[in-house]
Amino acid sequence: VGNNANFLPTVDGVRGRMRMYLFNPVSPFFGNFLDSNVQVRVNSPAGIAANYLALEGRFSTNNSLLALGPVTGQLIYFNDNAGGTTHEACGTAANILTGRIVMIDRGNCNFTQKILTAQNAGAIGVIMINNAAGDFIMGGSDNTITIPAVGIRQSDGVILAGQLATNPTMNVTL
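Residues numbered from 1 in each chain as written. Predicted model: local features only at pLDDT ≥ 70, side-chain atom pairs only at ≥ 80, totals over all residues. Heavy atoms only, no water.

Description of the pairing of strand β7 (residues 125–129)
So, point 1. Of all five residues in β7, five are buried; the element is thus mostly enclosed.
So, point 2. The alternating pattern of β7 places Gly-125, Ile-127 and Ile-129 and Val-126 and Met-128 on opposite faces, both of which are buried.
So, point 3. With five bridges connecting them, strand β6 (residues 101–105) and β7 associate as parallel partners. From the neighbouring strand, Ile-104 faces β7, where its bridge partner is Met-128.
So, point 4. For the segment spanning β6, helix α2 (residues 111–120) and β7, crossover handedness is right-handed.
So, point 5. By the bridge criterion, four bridges tie β7 to strand β8 (residues 149–152) in an arrangement that is parallel. Along β8, the bridge assignment pairs Ile-129 with Ile-152. (Buried < 20%, exposed > 50% of the residue type's maximum accessible area, 1.4 Å probe, protein only. Helix = DSSP H or I, 4+ residues; strand = E, 2+ residues; numbered from the N terminus. Pairing = 2+ DSSP bridges. Right-handed = clockwise from strand over helix to strand, strands pointing away.)

Considerations on the state of the cysteines
So, point 1. Tallying each qualifying case throughout the model produces one disulfide.
So, point 2. Between the sulfur of Cys-90 and that of Cys-109 lies a disulfide, 2.2 Å long from S to S. Here the S-S torsion is close to -95 degrees, and the disulfide linking Cys-90 with Cys-109 is therefore left-handed. Of this pair, Cys-90 sits in the loop between β5 (72–77) and β6 while Cys-109 sits in the loop between β6 and α2, placing them 19 residues apart in sequence.
So, point 3. Since its relative accessible area comes to 18%, Cys-109 is described here as buried. (Disulfide = S-S within 2.5 Å.)

What about the nonpolar core?
So, point 1. Formed by 21 residues in total, the largest nonpolar core has its most connected members in Val-40, Leu-75, Met-103, Ile-127, Val-150 and Leu-160.
So, point 2. Elements represented by at least two residues in this core include exactly β3 (35–44), β4 (50–56), β5, β6, β7, β8 and α3 (154–166).
So, point 3. Examining the composition of this core, we find that three residues originate from one element, β3, more than from any other.
So, point 4. With residues near it in sequence (within four places) discarded, Leu-75 still touches Ile-101, Val-102, Met-103, Ile-127, Leu-164, Pro-168, Met-170 and Val-172.
So, point 5. Formed by 20 residues, the second largest nonpolar core is a distinct cluster that contains Phe-59, Phe-111, Leu-116 and Ala-118. (Core = buried A, V, L, I, M, F, W, Y, C linked by side-chain atoms within 4.5 Å. Contact = heavy atoms within 4.5 Å.)

Laid out in structure tokens, this is it:
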């Protein structure tokens, strides 16, 4: 992503000139969706304790898991309203997020807005759930984002959301 090259051909018998440029962008995510080095680890409850493969949303130079290290906390679903019927983080949180890792559904506003909303409400990390089957890339750039954010597949999000509905004391590590 973002790499480039050019080649200047010359007359026969004279060497051409090739230049290659490799960039390390902050955003969008650089790499494969399922990066074995980025995982959501469900520590408890035991019934779904496992590693779930994820992607890291590198929206700023300040939110890399490599720089921050693992982040562990209680998982909570972002509630857009008091009834908890939507979880998109496009507006103010209807629940308390302070000191928690927040699950957010993808859709209706950009990733940086969602993560900043959670961060400003006191969240320590974000797990973005895809709103469709398959892989996705979290794009955007905002150096005010300082909490880690990872994305997971919709199928894994269904597992976590289902467990949260019956056990609101899930503990996870990014």
